Amino acid sequence: MSTPASLRVFEWKLLVYRRVWRSNIVTSFLQPMLYLLAMGLGVGSLINKNPASSQTLGNLPYVAFVAPGLLATTAMMVASIESMWPVIDALMWGRQYEAMSATPIEATDIVASHAMWILFRSGIAAITVAAAMALFPDVRSWGLIAAVPAAMLSGLAFGMPLAAWSVTRTREMSFPVIQRFIITPLFLFGGAFFPLSQLPLVIRWFGYTTPLWHGVELCRAWATGSSLGALAALAHIAYLLLWAAVGMFLMRRLAQRRLFA
Amino acid sequence: MSANPTHRTSGAPGIREPLIHAEGLVKKFGAFTAVDGIDFDVQPGEAFGFLGPNGAGKSSTMRMIGCTSPISGGTLRLFGLDPATHGREIRKRLGVVPQLDSLDSELTVEENLIIYGRYFDLSRAEARRRAGELLEFVQLSDRAKSRVEPLSGGMKRRVTIARSLINQPDLLLLDEPTTGLDPQARHILWDRLYRLKQQGVTLVLTTHYMDEAEQLCDRLVVMDAGRIAAEGSPRRLIEQHATREVLELRFPAGANAENEHFAIGLGERHELLPDRVLVYVNDGDQALASVIAAGAKPESALVRRSTLEDVFLHLTGRTLVE
Ligand SMILES: Nc1ncnc2c1ncn2[C@@H]1O[C@H](COP(=O)(O)OP(=O)(O)OP(=O)(O)O)[C@@H](O)[C@H]1O
Ligand SMILES: [Mg+2]
């Protein structure tokens, strides 16, 4: 019985991760805790005093509104970081992809293993955030369990297109720019901290087109048990899958061109 | 070593199908032609070399053979298969030592070999077993559990060679196996490669060291600017393209050109280099005596046997290593 090639490449990632997972998990627990404390309790105590605001938030305490959004944003952050430096590292600095290309491993296997890796890493991150959330009584719910896969899917929708970009790079110069001008604005304006309806129409529509908002909506609906029709949920999932699929398709083509030139 | 880390390639008796067959092989990068129509065959059990300076197209050729770079023209067959359609099948049977090390510095030496074995779909147990044997073969068993990062260049190269043998390849491709290593590390590597050769492993290697080519290659091609300038065994190439001996005359700095006339008519031919004059003769001592008799005053003079360096100089007008 042989293991699929993509899984054997994934095994390499796990082998490296085995050395760092502890510190990694501590960080991904501490960060959302800080956000929940600052945003949820600090900012939240102001917002909850204002009845009009509460209504805009669907009558949720602010911490309950923010927390599910953090699931999706954390997954996005993790997925995007994993799809930038580690990809160019395996291509150019550590040359692990080059080493693989001399074996029966194909570009398709590398892309599939990257998708697995993104799901794995954003899964771990989302579970850690969910664990942090479970410490807050206003937030705690069984729905968190359903929100974790939604967060993983958001990570995939982000990570794969970004990895397709990284696979064409010869330098890391664009990565901090992407972080500053794409990831951070999305983090702030993707609907995690306030409803997009608060924004001017143009920005709002931009927000709707990004995968993050769809991920945030899914996570929030499932974590808070608020009403989200099956059709709407399917539409969100389909939209995220579309981003992931396009990213995988592009990454495969570009990796093939890069590794087998 | 008791265990044989590689297959012997045993073709049908009598029929010698080449392991590699290349005809009019071309590699282009955009408008630039890196490999410009080369022909060669490599037979099972042979140690075959590409000798050439920087930029000759050695790595480009090796990557085409390794099925990681599509050919731009001509024909290439490995084990009778076409890399364009059977790349994966061919790569299963190759061992590759790339010019630049691609070991994972985060992992241990042993883990590097095991995970590489996994890429060839070996079971974990089998990969571990072979890793142990191969590390013994490259004399690095004591480093199995240490990380790759702190190893010396020569040790990393040996790990890479061990790694390339994990799938028991029918053909081993080595791109500049000893470039950048100190003499001692090079000799250790040559010794290991020589053993593989004795075990019947087919070796294809590139180098820009003529001593490496002479030590390891049964047959080689001299490559320059994407073309093959000559082909043959080291000895035959020297016989064909150089004289038996070379007289090297060194004149004071800057005075080599003005003393060139002493070399004219002395032997078969001569070469003027920036730092010396080389005279190709059959009897070096006799030639030296005549030069001195003619009134030349070289700072130093040396008589030596011709090498592949002289062959290369003759064929291209340039030295191998600048
Ligand atoms: N991917 C590439 N894109 C464009 N040009 C390339 C590429 N790879 C190699 N070349 C060019 O092709 C020529 C041959 O390169 P190659 O690496 O095959 O030479 P080499 O004989 O291996 O040299 P070296 O001894 O420096 O390793 C060089 O001029 C090089 O710049
Ligand atoms: Mg090279």
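A.B. asks: Would you take a moment to explain the pairing of strand β12 (residues 277-281) of chain B for this structure?
C.D. replies: Walk down a regular strand and you will see the side chains alternate between the two sheet faces. All names here are of chain B. Counting buried positions over the five residues of β12 gives five, a clear majority of the element. Residues V277, V279 and V281 point to one face of β12 and L278 and Y280 to the other, with burial holding for every one of them. Relative to β12, strand β10 (residues 245-250) is paired through five bridges, and the arrangement is antiparallel. If you follow L249 over to β12, its bridge partner there is V277. Strand direction decides the pairing type here: strand β11 (residues 269-272) and β12, joined by four bridges, are antiparallel. Looking at the pairing, E271 lines up with L278 of β12. Connecting the antiparallel pair β11 and β12 is a turn made up of four residues.

A.B. asks: What am I meant to see in the interface of chain B and chain A here?
C.D. replies: How big an interface is tends to be stated in terms of accessible area lost as the parts join. Taken together, the 29 residues of chain B in the interface contact 25 residues of chain A. Here chain B meets chain A over a buried area of about 2,400 Å², counting both sides, of which 52% is carbon and sulfur. Of all residues in chain B, B:R91, B:R118 and B:Y119 bury the most surface against chain A, accounting for 27% of the area lost on that side. The tally of links from chain B across to chain A stands at six salt bridges. We note a salt bridge from B:R91 to A:E106, for which the minimum N-O separation is 3.6 Å.

A.B. asks: Can you walk me through the pattern of salt bridges in this structure?
C.D. replies: Any two side chains of opposite charge can pair, given that their charged atoms come close. All names here are of chain B. Tallied over the entire structure, the rule returns 34 salt bridges over all chains. For E248, the salt bridge is made with R250, and the minimal N-O distance between the two is 3.9 Å. Judged by its relative accessible area of 32%, R250 falls in the partly exposed class. Among the ionic pairs, D310 bridges to R304, the shortest N-O distance being 2.8 Å. The class of D310 is buried, set by a relative accessible area of 1%. A single network of salt bridges, built from pairs that share partners, joins E248, R250, D275, R276, R304 and D310.

A.B. asks: How should I be thinking about the site of ligand 1 in this particular structure?
C.D. replies: Residues and elements named next belong to chain B. Around ligand 1, the surrounding shell holds 13 residues, and the nearest of these are G55, K58, S59, S60 and E176. The separation between an oxygen atom of ligand 1 and a polar side-chain atom of S60 is 2.5 Å. Between E176 and ligand 1, the recorded distance is 2.8 Å, taken from a side-chain N or O atom to an oxygen atom. Coverage of ligand 1 by the protein chains reaches 62% of its 640 Å² of free accessible surface. When residues of the shell around ligand 1 are traced back to their parent elements, those giving at least two are β2 (32-42) and α1 (58-65). At three residues, α1 tops the list of elements feeding residues into the shell around ligand 1. Residue composition of the shell around ligand 1, grouped by class: five nonpolar, six polar and two charged.

A.B. asks: Would you explain the layout of surface pockets in this entry?
C.D. replies: With a probe scaled to a water molecule rolled over the atoms, the places where space remains empty come into view. Put simply, the largest pocket is a space of about 710 Å³. For the largest pocket, the lining is made up of 29 residues, of which A:R95, A:E98, B:R63, B:T68 and B:P98 are closest to its centre. If one sorts the elements of the lining of the largest pocket by residue count, α1(B) sits on top with four residues. Along the walls of the second largest pocket sit 19 residues, with A:Q31, A:T74, A:M77, A:V78 and A:I81 positioned nearest its centre. Contributing elements (two or more residues each) for the lining of the second largest pocket: α2 (21-47), α4 (62-82) and α9 (174-189) of chain A. Tallying contributions element by element places α4(A) first for the lining of the second largest pocket, with seven residues. Split by residue class, the lining of the second largest pocket holds nine nonpolar, eight polar and two charged.

Rules behind the numbers
- Residues numbered from 1 in each chain as written.
- Chains lettered and ligands numbered in written order.
- Predicted model: local features only at pLDDT ≥ 70, side-chain atom pairs only at ≥ 80, totals over all residues.
- Heavy atoms only, no water.
- Buried < 20%, exposed > 50% of the residue type's maximum accessible area, 1.4 Å probe, protein only.
- Helix = DSSP H or I, 4+ residues; strand = E, 2+ residues; numbered from the N terminus.
- Pairing = 2+ DSSP bridges.
- Contact = heavy atoms within 4.5 Å.
- Buried area = accessible area lost by both parts, 1.4 Å probe.
- Salt bridge = Lys/Arg side-chain N within 4 Å of Asp/Glu carboxyl O.
- Near = heavy atom within 4 Å.
- Polar contact = N/O pair within 3.5 Å; in protein donor to acceptor, adjacent residues only side chain to side chain.
- Areas by Shrake-Rupley, 256 points an atom, 1.4 Å probe, with all protein chains shown as cover.
- Nonpolar A, V, L, I, M, F, W, Y, C, P; charged D, E, K, R; others polar.
- 1 Å grid on protein atoms, 1.4 Å probe; cavity = no way out; pocket = protein on both sides within 12 Å on 5 of 7 lines; lining within 4 Å.
- Points joined across faces, edges and corners; volume = space filled by probe spheres on them.

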